[in-house]
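Here's the letter readout for the chains.
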Amino acid sequence: MTTTNLKTPLTEKHEALGARMTDFAGWWMPLQYKGVREEHEAVRTHGGLFDLSHMAEIVVTGEQREDFVQTMVTNDLKKLNFGQAMYSCLCNLEGRIIDDLLVYRFENEVWIVANASNRSAVVSWLEKHAEGMDVALDDRTEEIALVAVQGPAAEAILQPHVDGLDLSTVDFYTAQWGTVGGQRMLISRTGYTGEDGFELYVENAHAGVTWDLLLQGDEALVPVGLAARDTLRLESGFALYGNELSLERSPYDVTLAWITKLDKEPAPLAKPALEKAKESATTCLVGLTMEGRGVPRAGYPVHQNGTPVGFVSSGTFSPSLKKGVALAIVERSARAAGTELEIIVRGKPQAALVTKLPFVRGSVKRHS
Amino acid sequence: MIPEDLKYTEDHEWVRIDGKKATVGITHHAQDQLGDIVFVEVPEVGRELERGDTFGVVESVKTVSDLFSPVTGTVIERNEALDESSDNFEPETINSSPYKDGWMIVVEVADESAFDDLMDHSAYAAFVENEG
(Lines give C-alpha, C1' and ligand atoms only; values in the text may rest on other atoms or scores of the structure.)
Protein backbone atom coordinates (compact mmCIF):
# COMPACT_ATOMS: atom_id res chain seq x y z
CA MET A 1 0.00 0.00 0.00
CA THR A 2 2.89 2.35 0.73
CA THR A 3 4.80 1.55 -2.44
CA THR A 4 5.12 4.49 -4.78
CA ASN A 5 4.58 3.09 -8.20
CA LEU A 6 2.58 5.78 -9.94
CA LYS A 7 4.11 8.79 -11.63
CA THR A 8 2.32 11.65 -13.32
CA PRO A 9 3.40 12.69 -16.81
CA LEU A 10 4.87 15.82 -15.17
CA THR A 11 7.27 14.12 -12.73
CA GLU A 12 10.32 15.11 -14.78
CA LYS A 13 9.16 18.73 -14.86
CA HIS A 14 8.92 18.79 -11.08
CA GLU A 15 12.33 17.24 -10.62
CA ALA A 16 13.86 19.73 -13.09
CA LEU A 17 12.29 22.56 -11.09
CA GLY A 18 14.00 21.23 -7.96
CA ALA A 19 10.81 20.13 -6.22
CA ARG A 20 10.93 18.08 -3.04
CA MET A 21 9.00 14.98 -4.02
CA THR A 22 6.96 12.77 -1.73
CA ASP A 23 4.83 9.68 -1.80
CA PHE A 24 1.18 10.63 -1.74
CA ALA A 25 -1.36 7.83 -1.90
CA GLY A 26 1.02 5.79 -4.02
CA TRP A 27 1.89 8.68 -6.35
CA TRP A 28 5.26 10.43 -6.57
CA MET A 29 4.18 14.04 -6.15
CA PRO A 30 5.76 17.48 -5.59
CA LEU A 31 5.46 18.52 -1.94
CA GLN A 32 7.02 21.92 -2.47
CA TYR A 33 9.28 23.77 -4.90
CA LYS A 34 10.62 27.01 -3.38
CA GLY A 35 8.70 26.91 -0.09
CA VAL A 36 5.16 26.77 1.23
CA ARG A 37 4.90 30.47 2.06
CA GLU A 38 6.07 31.74 -1.28
CA GLU A 39 3.86 29.31 -3.18
CA HIS A 40 0.86 30.07 -0.99
CA GLU A 41 1.36 33.81 -1.41
CA ALA A 42 1.62 33.48 -5.20
CA VAL A 43 -1.78 31.78 -5.39
CA ARG A 44 -3.41 34.41 -3.16
CA THR A 45 -1.97 37.37 -5.08
CA HIS A 46 -1.48 36.21 -8.68
CA GLY A 47 -1.37 32.60 -9.77
CA GLY A 48 -0.07 29.14 -9.01
CA LEU A 49 0.30 26.06 -11.22
CA PHE A 50 -0.54 22.64 -9.78
CA ASP A 51 -0.08 19.06 -10.94
CA LEU A 52 -3.11 17.21 -9.62
CA SER A 53 -2.81 14.24 -11.94
CA HIS A 54 -3.10 11.84 -9.02
CA MET A 55 -6.81 12.68 -8.70
CA ALA A 56 -9.03 9.86 -9.94
CA GLU A 57 -11.31 10.39 -12.93
CA ILE A 58 -14.08 7.86 -13.38
CA VAL A 59 -16.26 8.30 -16.45
CA VAL A 60 -19.78 6.86 -16.22
CA THR A 61 -21.76 6.08 -19.37
CA GLY A 62 -24.81 3.98 -20.26
CA GLU A 63 -28.55 4.59 -20.36
CA GLN A 64 -28.97 4.45 -16.59
CA ARG A 65 -25.87 6.49 -15.73
CA GLU A 66 -27.74 9.40 -14.18
CA ASP A 67 -30.10 7.37 -12.01
CA PHE A 68 -27.12 5.26 -10.96
CA VAL A 69 -24.93 8.20 -9.94
CA GLN A 70 -27.91 9.86 -8.27
CA THR A 71 -28.36 6.85 -5.97
CA MET A 72 -24.64 6.69 -5.21
CA VAL A 73 -23.82 10.28 -4.28
CA THR A 74 -25.44 12.55 -1.69
CA ASN A 75 -25.90 15.73 -3.75
CA ASP A 76 -28.55 16.18 -6.46
CA LEU A 77 -27.13 15.41 -9.91
CA LYS A 78 -30.41 16.22 -11.65
CA LYS A 79 -30.24 19.85 -10.59
CA LEU A 80 -27.14 20.26 -12.77
CA ASN A 81 -27.18 21.55 -16.32
CA PHE A 82 -24.89 19.84 -18.82
CA GLY A 83 -21.35 21.02 -18.12
CA GLN A 84 -22.09 21.87 -14.52
CA ALA A 85 -20.27 20.33 -11.53
CA MET A 86 -21.17 19.72 -7.90
CA TYR A 87 -19.38 18.78 -4.71
CA SER A 88 -20.76 15.62 -3.13
CA CYS A 89 -20.12 12.78 -0.73
CA LEU A 90 -20.14 9.09 -1.53
CA CYS A 91 -21.52 7.24 1.49
CA ASN A 92 -21.72 3.57 2.42
CA LEU A 93 -24.91 1.89 3.65
CA GLU A 94 -24.15 3.08 7.19
CA GLY A 95 -24.22 6.65 5.92
CA ARG A 96 -20.48 7.04 6.49
CA ILE A 97 -18.25 8.85 4.04
CA ILE A 98 -16.29 6.70 1.56
CA ASP A 99 -14.99 9.80 -0.24
CA ASP A 100 -15.81 13.36 -1.21
CA LEU A 101 -16.16 13.93 -4.92
CA LEU A 102 -16.55 16.39 -7.71
CA VAL A 103 -19.32 15.22 -10.07
CA TYR A 104 -19.78 16.67 -13.58
CA ARG A 105 -22.93 16.14 -15.60
CA PHE A 106 -22.40 16.07 -19.37
CA GLU A 107 -24.85 15.26 -22.13
CA ASN A 108 -23.63 11.70 -22.67
CA GLU A 109 -21.60 10.94 -19.57
CA VAL A 110 -21.06 11.73 -15.92
CA TRP A 111 -17.56 12.33 -14.57
CA ILE A 112 -16.67 11.50 -11.01
CA VAL A 113 -13.43 12.96 -9.67
CA ALA A 114 -12.27 11.21 -6.50
CA ASN A 115 -9.30 11.47 -4.14
CA ALA A 116 -6.23 9.44 -5.09
CA SER A 117 -6.21 7.85 -1.64
CA ASN A 118 -9.76 6.55 -2.10
CA ARG A 119 -9.60 5.61 -5.75
CA SER A 120 -9.85 1.86 -5.30
CA ALA A 121 -12.55 2.15 -2.60
CA VAL A 122 -14.64 4.41 -4.82
CA VAL A 123 -14.20 2.31 -7.95
CA SER A 124 -15.04 -0.95 -6.20
CA TRP A 125 -18.08 0.57 -4.46
CA LEU A 126 -19.40 1.89 -7.76
CA GLU A 127 -18.66 -1.35 -9.63
CA LYS A 128 -20.47 -3.40 -7.00
CA HIS A 129 -23.62 -1.28 -7.26
CA ALA A 130 -23.54 -0.91 -11.03
CA GLU A 131 -24.06 -4.63 -11.47
CA GLY A 132 -27.19 -5.43 -13.44
CA MET A 133 -27.66 -1.84 -14.60
CA ASP A 134 -27.09 -0.30 -18.01
CA VAL A 135 -24.03 1.53 -16.72
CA ALA A 136 -20.38 1.41 -17.78
CA LEU A 137 -17.56 2.64 -15.54
CA ASP A 138 -14.23 3.70 -16.97
CA ASP A 139 -11.45 4.54 -14.52
CA ARG A 140 -9.37 6.91 -16.66
CA THR A 141 -7.10 8.12 -13.85
CA GLU A 142 -3.91 6.88 -15.45
CA GLU A 143 -4.77 8.33 -18.87
CA ILE A 144 -5.89 11.78 -17.77
CA ALA A 145 -3.58 14.35 -16.22
CA LEU A 146 -4.93 17.30 -14.24
CA VAL A 147 -3.21 20.68 -14.38
CA ALA A 148 -4.67 23.54 -12.33
CA VAL A 149 -4.11 27.29 -12.56
CA GLN A 150 -5.36 28.99 -9.42
CA GLY A 151 -5.28 32.61 -8.35
CA PRO A 152 -6.91 35.99 -8.98
CA ALA A 153 -5.07 36.27 -12.34
CA ALA A 154 -5.95 32.71 -13.46
CA GLU A 155 -8.22 33.78 -16.30
CA ALA A 156 -5.67 36.29 -17.65
CA ILE A 157 -2.91 33.67 -17.38
CA LEU A 158 -4.82 30.92 -19.17
CA GLN A 159 -6.83 32.85 -21.80
CA PRO A 160 -3.93 33.63 -24.20
CA HIS A 161 -3.31 29.89 -24.63
CA VAL A 162 -6.94 28.94 -25.26
CA ASP A 163 -8.34 28.74 -28.79
CA GLY A 164 -12.03 29.12 -29.51
CA LEU A 165 -13.26 29.57 -25.97
CA ASP A 166 -13.84 32.80 -24.07
CA LEU A 167 -13.05 31.87 -20.47
CA SER A 168 -15.36 34.57 -19.15
CA THR A 169 -18.21 32.37 -20.39
CA VAL A 170 -17.06 29.47 -18.21
CA ASP A 171 -19.00 29.99 -14.98
CA PHE A 172 -17.82 28.91 -11.54
CA TYR A 173 -18.34 25.14 -11.13
CA THR A 174 -18.86 24.51 -14.83
CA ALA A 175 -16.62 23.00 -17.49
CA GLN A 176 -16.33 23.35 -21.24
CA TRP A 177 -14.15 21.61 -23.80
CA GLY A 178 -11.53 23.90 -25.27
CA THR A 179 -8.18 23.84 -27.01
CA VAL A 180 -4.93 24.73 -25.29
CA GLY A 181 -1.68 24.49 -27.24
CA GLY A 182 -3.55 22.76 -30.04
CA GLN A 183 -4.88 20.04 -27.73
CA ARG A 184 -8.47 19.51 -26.75
CA MET A 185 -9.09 19.37 -23.04
CA LEU A 186 -11.80 19.84 -20.46
CA ILE A 187 -11.50 23.30 -18.92
CA SER A 188 -13.25 23.46 -15.56
CA ARG A 189 -13.66 26.57 -13.41
CA THR A 190 -13.11 24.74 -10.13
CA GLY A 191 -10.41 24.42 -7.50
CA TYR A 192 -9.43 23.79 -3.92
CA THR A 193 -7.75 27.06 -3.02
CA GLY A 194 -10.59 29.56 -2.53
CA GLU A 195 -9.25 31.53 -5.48
CA ASP A 196 -10.64 31.83 -8.96
CA GLY A 197 -9.06 29.26 -11.22
CA PHE A 198 -9.25 26.47 -13.71
CA GLU A 199 -8.59 22.76 -13.67
CA LEU A 200 -7.52 21.29 -17.00
CA TYR A 201 -8.27 17.63 -17.63
CA VAL A 202 -5.76 16.76 -20.32
CA GLU A 203 -4.54 13.53 -21.87
CA ASN A 204 -1.24 12.40 -20.36
CA ALA A 205 0.63 12.88 -23.63
CA HIS A 206 -0.20 16.61 -23.70
CA ALA A 207 0.28 17.44 -20.05
CA GLY A 208 3.92 18.48 -20.42
CA VAL A 209 3.21 20.87 -23.29
CA THR A 210 0.34 22.44 -21.35
CA TRP A 211 2.47 22.82 -18.21
CA ASP A 212 5.34 24.44 -20.14
CA LEU A 213 3.08 26.78 -22.10
CA LEU A 214 1.52 28.14 -18.95
CA LEU A 215 4.73 28.40 -16.96
CA GLN A 216 6.64 30.06 -19.78
CA GLY A 217 3.74 32.34 -20.67
CA ASP A 218 3.65 34.14 -17.33
CA GLU A 219 6.78 35.03 -15.42
CA ALA A 220 4.94 35.46 -12.12
CA LEU A 221 3.15 32.10 -12.29
CA VAL A 222 4.63 29.83 -9.63
CA PRO A 223 4.51 26.01 -9.47
CA VAL A 224 2.79 24.96 -6.24
CA GLY A 225 3.17 21.69 -4.35
CA LEU A 226 0.92 19.68 -2.08
CA ALA A 227 2.11 21.47 1.09
CA ALA A 228 0.78 24.86 -0.03
CA ARG A 229 -2.28 23.18 -1.49
CA ASP A 230 -3.05 22.12 2.08
CA THR A 231 -2.57 25.57 3.65
CA LEU A 232 -4.67 27.13 0.86
CA ARG A 233 -7.58 24.72 1.30
CA LEU A 234 -7.42 25.07 5.08
CA GLU A 235 -7.66 28.88 4.93
CA SER A 236 -10.66 28.36 2.65
CA GLY A 237 -12.30 26.01 5.16
CA PHE A 238 -12.40 23.06 2.74
CA ALA A 239 -12.56 19.58 4.24
CA LEU A 240 -9.91 17.00 3.46
CA TYR A 241 -10.58 13.27 3.40
CA GLY A 242 -8.55 11.54 6.11
CA ASN A 243 -8.69 14.67 8.28
CA GLU A 244 -12.24 16.03 8.44
CA LEU A 245 -13.90 13.23 6.49
CA SER A 246 -13.65 9.51 7.19
CA LEU A 247 -15.46 6.19 7.23
CA GLU A 248 -16.37 6.92 10.85
CA ARG A 249 -18.35 10.08 10.07
CA SER A 250 -21.52 10.95 8.23
CA PRO A 251 -21.88 14.21 6.29
CA TYR A 252 -24.00 15.53 9.19
CA ASP A 253 -21.13 15.13 11.65
CA VAL A 254 -18.98 17.56 9.67
CA THR A 255 -21.45 20.24 8.47
CA LEU A 256 -22.01 18.75 5.01
CA ALA A 257 -25.81 18.70 5.19
CA TRP A 258 -25.76 21.25 2.36
CA ILE A 259 -24.57 18.56 -0.07
CA THR A 260 -26.80 15.80 1.35
CA LYS A 261 -30.19 15.74 -0.37
CA LEU A 262 -32.36 12.97 1.02
CA ASP A 263 -35.52 13.90 -0.89
CA LYS A 264 -34.05 13.82 -4.39
CA GLU A 265 -35.22 11.27 -6.98
CA PRO A 266 -34.11 8.55 -7.09
CA ALA A 267 -33.14 8.62 -3.43
CA PRO A 268 -29.57 7.86 -2.34
CA LEU A 269 -29.02 4.21 -1.50
CA ALA A 270 -27.79 5.31 1.92
CA LYS A 271 -30.97 7.29 2.65
CA PRO A 272 -32.22 5.21 5.63
CA ALA A 273 -28.82 5.39 7.31
CA LEU A 274 -28.41 9.07 6.47
CA GLU A 275 -31.82 9.84 8.03
CA LYS A 276 -30.65 8.20 11.24
CA ALA A 277 -27.27 9.94 11.06
CA LYS A 278 -29.05 13.27 10.68
CA GLU A 279 -31.08 12.61 13.84
CA SER A 280 -28.17 11.41 15.94
CA ALA A 281 -25.43 13.84 14.85
CA THR A 282 -24.03 15.87 17.75
CA THR A 283 -20.92 17.40 16.18
CA CYS A 284 -20.09 19.90 13.48
CA LEU A 285 -17.07 21.32 11.68
CA VAL A 286 -15.90 24.74 12.79
CA GLY A 287 -13.01 27.08 12.12
CA LEU A 288 -10.78 28.06 15.04
CA THR A 289 -8.32 30.94 15.14
CA MET A 290 -5.56 30.94 17.74
CA GLU A 291 -5.34 34.11 19.74
CA GLY A 292 -1.67 33.62 20.66
CA ARG A 293 1.34 32.34 18.80
CA GLY A 294 0.65 28.59 18.99
CA VAL A 295 0.05 26.46 15.93
CA PRO A 296 -2.75 23.91 16.11
CA ARG A 297 -2.15 20.46 14.61
CA ALA A 298 -4.44 17.55 13.75
CA GLY A 299 -5.38 15.56 16.84
CA TYR A 300 -4.96 18.32 19.42
CA PRO A 301 -7.90 18.28 21.90
CA VAL A 302 -10.37 21.18 22.00
CA HIS A 303 -11.88 22.25 25.33
CA GLN A 304 -14.52 24.73 26.45
CA ASN A 305 -13.88 26.06 29.94
CA GLY A 306 -11.76 22.99 30.66
CA THR A 307 -14.29 20.43 29.38
CA PRO A 308 -13.43 18.43 26.23
CA VAL A 309 -15.74 19.35 23.32
CA GLY A 310 -13.83 17.99 20.33
CA PHE A 311 -10.51 17.90 18.48
CA VAL A 312 -8.54 19.61 15.75
CA SER A 313 -8.96 17.77 12.43
CA SER A 314 -6.53 20.00 10.46
CA GLY A 315 -4.30 22.78 11.69
CA THR A 316 -1.57 25.00 10.36
CA PHE A 317 0.01 28.40 10.57
CA SER A 318 -1.98 30.51 8.13
CA PRO A 319 0.46 32.25 5.77
CA SER A 320 -2.21 34.86 4.93
CA LEU A 321 -3.38 35.66 8.47
CA LYS A 322 -0.01 35.02 10.19
CA LYS A 323 -1.85 33.07 12.89
CA GLY A 324 -2.54 29.49 13.79
CA VAL A 325 -5.83 28.31 12.31
CA ALA A 326 -7.64 24.99 12.57
CA LEU A 327 -10.61 23.06 11.36
CA ALA A 328 -12.08 21.23 14.34
CA ILE A 329 -14.87 18.74 14.93
CA VAL A 330 -16.70 19.93 18.05
CA GLU A 331 -19.98 19.53 19.90
CA ARG A 332 -22.70 21.65 18.30
CA SER A 333 -23.15 23.61 21.53
CA ALA A 334 -19.71 25.13 20.86
CA ARG A 335 -20.21 26.10 17.24
CA ALA A 336 -21.32 29.75 17.30
CA ALA A 337 -18.81 32.19 15.81
CA GLY A 338 -17.08 34.07 18.61
CA THR A 339 -17.26 31.19 21.10
CA GLU A 340 -14.10 31.07 23.20
CA LEU A 341 -12.51 27.62 23.24
CA GLU A 342 -9.12 26.23 24.17
CA ILE A 343 -6.85 24.13 21.99
CA ILE A 344 -4.53 21.92 24.02
CA VAL A 345 -1.14 22.59 22.43
CA ARG A 346 1.37 20.07 23.83
CA GLY A 347 -0.41 19.88 27.16
CA LYS A 348 -1.11 23.60 27.53
CA PRO A 349 -4.53 25.15 26.86
CA GLN A 350 -4.26 28.01 24.36
CA ALA A 351 -7.12 30.41 23.63
CA ALA A 352 -8.89 29.94 20.29
CA LEU A 353 -11.95 31.64 18.86
CA VAL A 354 -14.64 29.95 16.75
CA THR A 355 -14.38 31.74 13.42
CA LYS A 356 -16.80 31.84 10.49
CA LEU A 357 -15.38 29.99 7.47
CA PRO A 358 -13.63 30.67 5.22
CA PHE A 359 -10.76 32.16 7.19
CA VAL A 360 -9.65 33.88 3.99
CA ARG A 361 -12.11 34.88 1.29
CA GLY A 362 -10.32 34.50 -2.03
CA SER A 363 -11.12 35.66 -5.55
CA VAL A 364 -13.37 32.68 -6.36
CA LYS A 365 -16.36 33.64 -8.48
CA ARG A 366 -19.30 32.60 -6.36
CA HIS A 367 -22.86 32.50 -7.57
CA SER A 368 -26.08 31.37 -5.93
CA MET B 1 27.44 22.84 3.55
CA ILE B 2 28.07 21.32 6.99
CA PRO B 3 30.47 23.57 8.97
CA GLU B 4 33.60 21.77 10.04
CA ASP B 5 34.05 23.68 13.30
CA LEU B 6 30.78 22.49 14.88
CA LYS B 7 29.61 19.30 16.61
CA TYR B 8 26.32 17.56 15.84
CA THR B 9 23.61 15.27 17.23
CA GLU B 10 21.38 12.64 15.65
CA ASP B 11 18.47 15.01 16.27
CA HIS B 12 20.02 17.43 13.77
CA GLU B 13 21.22 19.98 16.28
CA TRP B 14 24.59 21.67 16.07
CA VAL B 15 26.82 22.78 18.95
CA ARG B 16 29.53 25.43 18.86
CA ILE B 17 31.94 24.82 21.71
CA ASP B 18 33.74 27.69 23.40
CA GLY B 19 35.31 26.47 26.64
CA LYS B 20 32.38 25.42 28.83
CA LYS B 21 29.88 27.32 26.72
CA ALA B 22 27.89 25.58 24.03
CA THR B 23 25.83 27.51 21.48
CA VAL B 24 23.02 25.33 20.13
CA GLY B 25 20.98 25.51 16.95
CA ILE B 26 19.45 23.25 14.31
CA THR B 27 21.25 22.22 11.15
CA HIS B 28 20.61 23.28 7.59
CA HIS B 29 19.21 19.81 6.95
CA ALA B 30 16.75 20.21 9.86
CA GLN B 31 15.48 23.63 8.77
CA ASP B 32 15.20 22.41 5.20
CA GLN B 33 13.05 19.46 6.28
CA LEU B 34 10.85 21.68 8.45
CA GLY B 35 10.29 24.36 5.82
CA ASP B 36 9.16 27.90 6.66
CA ILE B 37 9.62 28.34 10.42
CA VAL B 38 7.01 30.53 12.12
CA PHE B 39 7.51 30.04 15.85
CA VAL B 40 10.14 28.70 18.23
CA GLU B 41 9.81 27.95 21.91
CA VAL B 42 13.14 28.05 23.75
CA PRO B 43 13.74 27.81 27.52
CA GLU B 44 14.26 30.70 29.92
CA VAL B 45 17.75 31.66 30.97
CA GLY B 46 18.61 29.70 34.12
CA ARG B 47 16.86 26.50 33.13
CA GLU B 48 18.78 23.29 33.85
CA LEU B 49 18.90 20.85 30.95
CA GLU B 50 19.79 17.19 30.85
CA ARG B 51 21.20 15.76 27.67
CA GLY B 52 18.27 14.44 25.60
CA ASP B 53 15.66 16.60 27.39
CA THR B 54 13.09 18.30 25.25
CA PHE B 55 14.11 21.93 25.64
CA GLY B 56 11.74 23.52 23.16
CA VAL B 57 9.81 23.19 19.91
CA VAL B 58 10.05 24.53 16.39
CA GLU B 59 6.82 25.18 14.51
CA SER B 60 6.93 25.51 10.76
CA VAL B 61 3.93 26.12 8.51
CA LYS B 62 3.54 22.41 7.91
CA THR B 63 4.81 20.67 11.02
CA VAL B 64 6.06 20.84 14.61
CA SER B 65 9.27 19.32 15.93
CA ASP B 66 10.76 18.93 19.41
CA LEU B 67 14.20 20.24 20.24
CA PHE B 68 16.44 17.92 22.28
CA SER B 69 19.23 19.22 24.42
CA PRO B 70 22.58 18.03 23.06
CA VAL B 71 24.30 18.52 26.43
CA THR B 72 23.69 18.71 30.18
CA GLY B 73 24.03 22.21 31.58
CA THR B 74 22.38 25.55 32.35
CA VAL B 75 20.84 27.93 29.81
CA ILE B 76 22.77 31.23 30.08
CA GLU B 77 21.55 33.01 26.96
CA ARG B 78 18.79 32.78 24.34
CA ASN B 79 18.37 34.32 20.92
CA GLU B 80 16.11 37.35 21.12
CA ALA B 81 15.10 36.95 17.46
CA LEU B 82 13.20 33.81 18.51
CA ASP B 83 11.29 35.53 21.33
CA GLU B 84 7.81 36.36 20.11
CA SER B 85 7.47 39.29 22.49
CA SER B 86 10.67 40.85 21.15
CA ASP B 87 10.59 43.68 18.60
CA ASN B 88 13.25 41.77 16.72
CA PHE B 89 11.16 38.57 16.44
CA GLU B 90 12.28 36.84 13.24
CA PRO B 91 11.95 33.06 13.48
CA GLU B 92 12.64 32.73 9.74
CA THR B 93 16.26 33.57 10.64
CA ILE B 94 16.60 29.84 11.33
CA ASN B 95 15.78 29.13 7.68
CA SER B 96 18.02 31.82 6.27
CA SER B 97 20.98 31.43 8.64
CA PRO B 98 20.75 28.15 10.56
CA TYR B 99 24.41 28.08 11.67
CA LYS B 100 24.83 31.75 12.53
CA ASP B 101 22.00 34.21 13.20
CA GLY B 102 19.53 31.37 13.78
CA TRP B 103 21.27 30.07 16.93
CA MET B 104 18.85 29.22 19.73
CA ILE B 105 20.46 29.03 23.16
CA VAL B 106 23.82 29.04 24.92
CA VAL B 107 24.27 26.33 27.55
CA GLU B 108 27.05 26.30 30.14
CA VAL B 109 28.23 22.81 30.97
CA ALA B 110 29.73 21.68 34.28
CA ASP B 111 32.30 19.53 32.58
CA GLU B 112 33.69 19.57 29.05
CA SER B 113 33.27 15.79 28.89
CA ALA B 114 29.63 16.69 28.11
CA PHE B 115 30.82 17.20 24.52
CA ASP B 116 32.36 13.76 24.14
CA ASP B 117 29.35 12.03 22.62
CA LEU B 118 28.75 14.58 19.86
CA MET B 119 29.50 13.83 16.22
CA ASP B 120 31.99 15.77 14.17
CA HIS B 121 31.01 17.18 10.76
CA SER B 122 32.04 14.14 8.74
CA ALA B 123 30.19 11.73 11.03
CA TYR B 124 27.12 13.96 10.79
CA ALA B 125 27.39 14.17 7.01
CA ALA B 126 27.44 10.38 6.87
CA PHE B 127 24.50 10.22 9.27
CA VAL B 128 22.38 12.55 7.10
CA GLU B 129 23.35 10.58 4.03
CA ASN B 130 22.26 7.27 5.57
CA GLU B 131 19.07 8.69 6.99
CA GLY B 132 17.99 10.28 3.76
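Residues numbered from 1 in each chain as written. Chains lettered and ligands numbered in written order. Predicted model: local features only at pLDDT ≥ 70, side-chain atom pairs only at ≥ 80, totals over all residues. Heavy atoms only, no water.

**Here's the deal with the layout of surface pockets**
Turning to step 1, where the next piece is worked out: In this structure, the second largest pocket encloses a volume near 320 Å³.
Turning to step 2, where the next piece is worked out: Lining of the second largest pocket is provided by 17 residues; of these, F39, V40, E41, V42 and E84 of chain B occupy positions nearest its centre.
Turning to step 3, where the next piece is worked out: Residue assignment for the lining of the second largest pocket shows that the elements contributing at least two residues are β21 (348-355) of chain A together with β4 (37-41) of chain B.
Turning to step 4, where the next piece is worked out: The leading source of residues in the lining of the second largest pocket is β4 of chain B, at three residues.
Turning to step 5, where the next piece is worked out: Split by residue class, the lining of the second largest pocket holds six nonpolar, two polar and nine charged. (1 Å grid on protein atoms, 1.4 Å probe; cavity = no way out; pocket = protein on both sides within 12 Å on 5 of 7 lines; lining within 4 Å. Points joined across faces, edges and corners; volume = space filled by probe spheres on them. Helix = DSSP H or I, 4+ residues; strand = E, 2+ residues; numbered from the N terminus. Nonpolar A, V, L, I, M, F, W, Y, C, P; charged D, E, K, R; others polar.)

**Description of the pattern of salt bridges**
Turning to step 1, where the next piece is worked out: Here the structure, examined in full by the defined rule, presents 23 salt bridges over all chains.
Turning to step 2, where the next piece is worked out: The partner of E66 of chain A in a salt bridge is R105 of chain A, and the shortest N-O contact between them spans 2.7 Å. Remark: R105 of chain A occurs in strand β7 (residues 97-105) and E66 of chain A occurs in helix α3 (residues 65-72); sequence separation between them is 39 residues. This pair shows no difference in class: E66 of chain A is buried, exactly as R105 of chain A is.
Turning to step 3, where the next piece is worked out: For the salt bridge of E41 of chain B with K348 of chain A, the shortest nitrogen-to-oxygen distance reads 3.8 Å. Placement of the pair is E41 of chain B in strand β4 and K348 of chain A in strand β21, with the two residues belonging to separate chains.
Turning to step 4, where the next piece is worked out: Under the relative-accessibility criterion, K348 of chain A is labelled partly exposed at 45%. (Salt bridge = Lys/Arg side-chain N within 4 Å of Asp/Glu carboxyl O. Buried < 20%, exposed > 50% of the residue type's maximum accessible area, 1.4 Å probe, protein only.)

**A look at the domain arrangement of chain A**
Many structure descriptions define interface size as the accessible area lost when the parts assemble.
All names here are of chain A.
Turning to step 1, where the next piece is worked out: Domain parsing of chain A yields domain 1 (6-55 + 142-234), domain 2 (57-139) and domain 3 (282-359).
Turning to step 2, where the next piece is worked out: Distance from the C-alpha centre of domain 1 to the C-alpha centre of domain 3: 31 Å.
Turning to step 3, where the next piece is worked out: Contact with domain 1, which involves six residues of that partner, is made by 10 residues of domain 3.
Turning to step 4, where the next piece is worked out: Approximately 670 Å² of surface area, both sides summed, lies buried where domain 1 meets domain 3, with 64% of it carried by carbon and sulfur atoms.
Turning to step 5, where the next piece is worked out: Applying the counting rule to domain 1 against domain 3 returns zero salt bridges.
Turning to step 6, where the next piece is worked out: Inspection of the region where domain 1 meets domain 3 yields two residue pairs in polar contact (both at pLDDT 80 or more).
Turning to step 7, where the next piece is worked out: Only α2 (36-45) and α7 (226-235) provide two or more residues apiece to the side of domain 1 that touches domain 3.
Turning to step 8, where the next piece is worked out: Of the residues contributing to the side of domain 1 that touches domain 3, the split by class is one nonpolar, two polar and three charged. (Domains from an automatic or database assignment. Contact = heavy atoms within 4.5 Å. Buried area = accessible area lost by both parts, 1.4 Å probe. Polar contact = N/O pair within 3.5 Å; in protein donor to acceptor, adjacent residues only side chain to side chain.)

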